[in-house]
Amino acid sequence: MKVLIVDDEKHVRHAIRMLVHWEACGVSEVIEAESGDQAIEVITALSPPVVLTDMRMPGKDGVALMEWIQVNSPATRVVVVSGYDDFDLVRQVIRRGGMDYILKPVDPVEINEALNKATQAWRTAEQDRNRQTMQAMEVNRMRPHYADKLLTEIVSGIASTPLSITPLREELRLPAAIQICNAAVMSTTQLDADILDKYKTRRALLSFSLINICNEFLGTSQTGIAFRHLERMDEIILLYWGEPSRWPLLLQDIHTGIKTALRCYMHIGVGSYGSFGAFPIAAATAYQEARQALWKRDVLQTADWMHQSSQTRQNIRLPQLPEMEEELRLSALSCNANRVSIAVGHWIAAVAELPSVTAEQLASWNQELDWMLARWLNDRPGDTDGEELADESGSIHALPIDNRGMLSLPLWQRQVENRLLAAGQALTPSHSPNNPTIRDIARYLDAHYDEDISLQDMASRFYLSREYISRKFKQEYGVNLSDYLCQIRMSKAKLLLLNDKLRLHHIAGMVGYQDEKYFGKVFKKLEGVTPGEFRRRHSANPQPLPHTARDLPTHH
């Protein structure tokens, strides 16, 4: 900590240096100035937390200096050291927030007590400033999530009455009445492997970039909004309530903007304007249409990027992955790349004979493979540790599509081969028991505590069984996964509760609880008080009043 001594007499500055126990007060550097003007230069350049100043000086005197500090450096604490026992000066010091008024000749006890109070007051205020900064950062970080939560409820049909969308209107300043509404849906899962590999550890950044691009166009026209679906984290949803004839043009601009900014080809499913009512009911219906159009698109046929309600397709028998499970499992256990390639090739050949394949079917086959690999790992004999059965796409589970969004059978062959070879390594007894997977799961919880996360979600994401994760997580951290997640959420909630402007149901949503009452019950169980009681105890935390007159002369 730095302290500035301001006095036009050198011997006074020297005496103060000699009398004060600087180290005991945590002071590491003492700076001197011989006038108010010079002091202002020092404060501007170095921002010392505490200033010891004389009152009568040439140029700017002590009163003028304190006036400047009060406006330009209000966090600075000031102690006056003066040779004038003048009540008017004392009153000026008090009015300008001075901590103490010490008379010359300086008493060692008085000045050390005064400096100690000033440094402690600055530290207390600094802690409060840091807390407020952290609180503001947390609120700003969570605000987009809160808006996403409200909009997700709209398209999910949960918020379907005018009263239920009042918080949304307040948060996003939506038009008072929306008569018509349409929706569009895009999915990061349907991006090509190259772009997903680029963002494989930064999924949130990819979604954030897409949303920003969409809102840049929607915000300009003030006729819509883009957001992330919190229950389907791969989805970006666009709601549009403007002139219907402008909607295709806006989507064209958005598609071009994404292609230019991210160098990727984004397929977009689009709903229709129908007779199913006004906002918000229309939004939920249009979203379902748009989502179905996106996932029912044929990934074998060259098609445009915009997709509307799909036509009825001919019923055909699809290849069944479980029918090939034994062949795939044996090839994986062999850990032989050639044998794995042959087994996977049989599956790929069966798919290649189909007249059409939808994105939905691709995702379903990938999900079946996830379950298959997780079951193999869970069925291993003994208590052998194992690592995740990850595919090459990392945290984003990619579909085997090329940079135009069409099915790439060679890419799919490589993806499945890599996953089977990884499974074989995890299933063999010689595989190393040491792995960082549980710590990766903990890091994921730390970053995504505001989302709806279950043990099954972690099992699917990390290709491990629920029982394995539950057992190993408790061994590693001493608590089960749900308790660990709950502790993170309560820690964040306590920080948000310090902001009196945030309502409790807002805070509950910001830390991952959809039900405010359940949030309150969990909070009280862990903290011993309700969220409201916690807020009342901690929001009224006034700083100590500046000490100004306790040791001042009593005569007038």
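In what follows, the structure referred to is the one given above.
Throughout what follows, the structure given in this document is the object of discussion. Quick caveat: nothing in here was measured; it's all calculated off a predicted structure. Throughout this document, residue positions are counted from 1 along each chain, in the order its sequence is written. Reporting in this predicted model follows two pLDDT cut-offs: at least 70 for local features of residues, and 80 or more for side-chain atom pairs to be given and counted; totals over whole chains, interfaces and linings ignore these cut-offs and use all residues. Only heavy atoms go into the side-chain values, all of them from the structure, while hydrogens and water stay out.

Looking at the sheet that holds strand 5 (residues 100-103)
Quick note on the threshold: Paired strands are those between which DSSP finds at least two bridges. Put simply, DSSP H or I for four residues or longer makes a helix, DSSP E for two residues or longer makes a strand, and each gets a number counted from the N terminus. Inter-axis angles, ranging from 0 to 180 degrees, are taken between N-to-C directions of lines fitted to C-alpha atoms, where helices are fitted over the stretch in contact. The criterion used for residue contact is that any of the two residues' heavy atoms lie within 4.5 Å.
Spatial ordering of the open sheet is given by 2-1-3-4-5, a layout of five strands whose pairing is parallel. The strands lining the two open edges of the sheet, one partner per strand, are strand 2 (29-33) and strand 5. Put simply, the sheet's adjacent strands are angled 20 degrees from each other on average, direction ignored. Pairing between strand 1 (residues 2-6) and strand 3 (residues 50-53): four bridges, direction parallel. Bridge assignment links Val3 to a residue of strand 3, and that residue is Val50. Each of strand 1, strand 2, strand 3 and strand 4 (77-82) is contacted by helix 1 (residues 10-19), which is oriented at about 165 degrees to strand 2, the strand it contacts most. Against the sheet, helix 2 (residues 36-46) makes contact with strand 1, strand 2 and strand 3, and its axis sits at roughly 170 degrees relative to strand 1, the strand it touches most.

Side note on the packing of helix 11 (residues 325-334) against helix 14 (residues 409-427)
Quick note on the threshold: The handedness criterion is simple: a crossing whose near helix is rotated anticlockwise from the far helix by less than a right angle is left-handed, and one whose near helix is rotated clockwise is right-handed. Here the nonpolar group is Ala, Val, Leu, Ile, Met, Phe, Trp, Tyr, Cys and Pro; Asp, Glu, Lys and Arg are the charged ones; every other residue, Gly included, is treated as polar.
Between helix 11 and helix 14, whose axes approach to 7 Å, the crossing angle comes to 65 degrees. When you trace helix 11 past helix 14, the crossing you get is right-handed. Note on element contacts: helix 14 touches helix 11 through Leu420, Gly424 and Leu427, opposite Leu328, Ser331, Ala332 and Leu333. The class makeup of the residues in the contact of helix 11 with helix 14 is five nonpolar, two polar and no charged.

Side note on the pairing of strand 1
Going by this rule: The rule is simple: take the accessible area with a 1.4 Å probe, protein chains only, and divide by the maximum for that residue type; under 20% is buried, over 50% is exposed, in between is partly exposed. By definition, the crossover connecting two strands over a helix is right-handed if that path, from the first strand to the second, turns clockwise as seen with the strands pointing away from the viewer.
Within strand 1, four of the five residues are buried, which leaves it mostly tucked inside the rest of the structure. Of the strand pairs in this sheet, strand 1 and strand 2 are connected by five bridges, and their pairing is parallel. Pairing of Val6 across the sheet is with Ala33, part of strand 2. Running through helix 1, the crossover from strand 1 to the neighbouring parallel element strand 2 is right-handed.

Considering the packing of helix 2 against helix 3 (residues 62-72)
To be explicit about the condition: Geometric relationships in this document are graded by angle, where less than 35 degrees denotes roughly parallel, more than 145 denotes roughly antiparallel, 65 to 115 denotes roughly perpendicular, and other angles denote oblique.
Where helix 2 meets helix 3, the closest approach of the two axes is 9 Å, and the angle between their N-to-C directions is 20 degrees. Considering their axes alone, helix 2 and helix 3 lie roughly parallel with respect to each other. In the crossing of helix 2 with helix 3, the sense of the turn from one axis to the other is right-handed. Residues Gly36, Ala39, Ile40, Ile43 and Thr44 of helix 2 touch helix 3, and the partners they reach there are Leu65, Trp68 and Ile69. When the residues that make up the contact of helix 2 with helix 3 are grouped by side-chain class, the tally is six nonpolar, two polar and no charged.

Section: the pattern of salt bridges
To be explicit about the condition: Salt bridges are defined by distance alone: a side-chain nitrogen of Lys or Arg within 4 Å of a carboxyl oxygen of Asp or Glu.
The final tally for this structure, using the stated rule, is 17 salt bridges. Where Glu32 meets Arg17, a salt bridge forms, and the shortest distance between an N and an O atom there is 2.5 Å. With Glu32 in strand 2 and Arg17 in helix 1, this pair connects stretches of sequence that are 15 residues apart. Look at Arg17 and you get partly exposed, because its relative accessible area is 31%. The salt bridge partner of Arg419 is Asp370, with a shortest N-O separation of 2.6 Å. With a gap of 49 residues between them, Arg419 in helix 14 and Asp370 in helix 13 (residues 359-378) connect regions that are remote in the sequence. For Arg419, a relative accessible area of 2% corresponds to the buried category. What emerges from the salt-bridge pattern is a single network uniting Asp7, Glu9, Asp54 and Lys104.

Remarks on the environment of Arg339
Checked against the element boundaries, Arg339 lands in helix 12 (residues 337-352). For the pair formed by Arg339 and Leu328, sequence separation is eleven residues and the distance between their alpha carbons is 9.3 Å. When residues no more than four places from it in sequence are discounted, the contact partners of Arg339 are Leu330, Ser331 and Ser334.

So, the environment of Thr119
Quick reminder of the rule: Identification of polar contacts relies on pairs of N or O atoms within 3.5 Å, with a donor-acceptor requirement for protein atoms, meaning one able to donate a hydrogen and the other able to accept it, and with residues adjacent in sequence counted only if both atoms are side-chain atoms.
Mapped onto the elements, Thr119 comes out in helix 5 (residues 108-155). With 41 residues separating them in the primary sequence, Thr119 and Val78 have C-alpha atoms 9.9 Å apart. Beyond its immediate stretch of four places on either side in the chain, Thr119 contacts Met1, Cys25 and Val50. Polar contacts involving the side chain of Thr119 include one to the main-chain carbonyl oxygen of Asn116, which spans 2.9 Å.

So, the environment of Arg246
Mapped onto the secondary structure, Arg246 falls in the loop between strand 8 (235-240) and helix 9 (247-262). Taking relative accessible area as the criterion, Arg246 reaches 37% and is therefore assigned partly exposed. In this structure the C-alpha to C-alpha distance between Arg246 and Thr223, which are 23 residues apart in sequence, comes to 9.9 Å.

Quick word on helix 12
Quick note on the threshold: Expected span of a helix, by definition, is 1.5 Å for each gap between consecutive residues, and there is one gap fewer than residues.
Taking 1.5 Å as the rise per residue, helix 12 with 16 residues should run 22 Å; its terminal C-alpha atoms sit 22 Å apart, in good agreement. Within the sequence span of helix 12, burial applies to Val340, Ala343, Val344, Trp347, Ile348 and Val351. On the buried face of helix 12, the contacting elements are helix 11, helix 13 and helix 14. Looking at where helix 12 begins, the residue whose side-chain oxygen comes 3.0 Å from the main-chain nitrogen of Asn338 is Asn336.

Read these as spatial facts, not as claims about activity.
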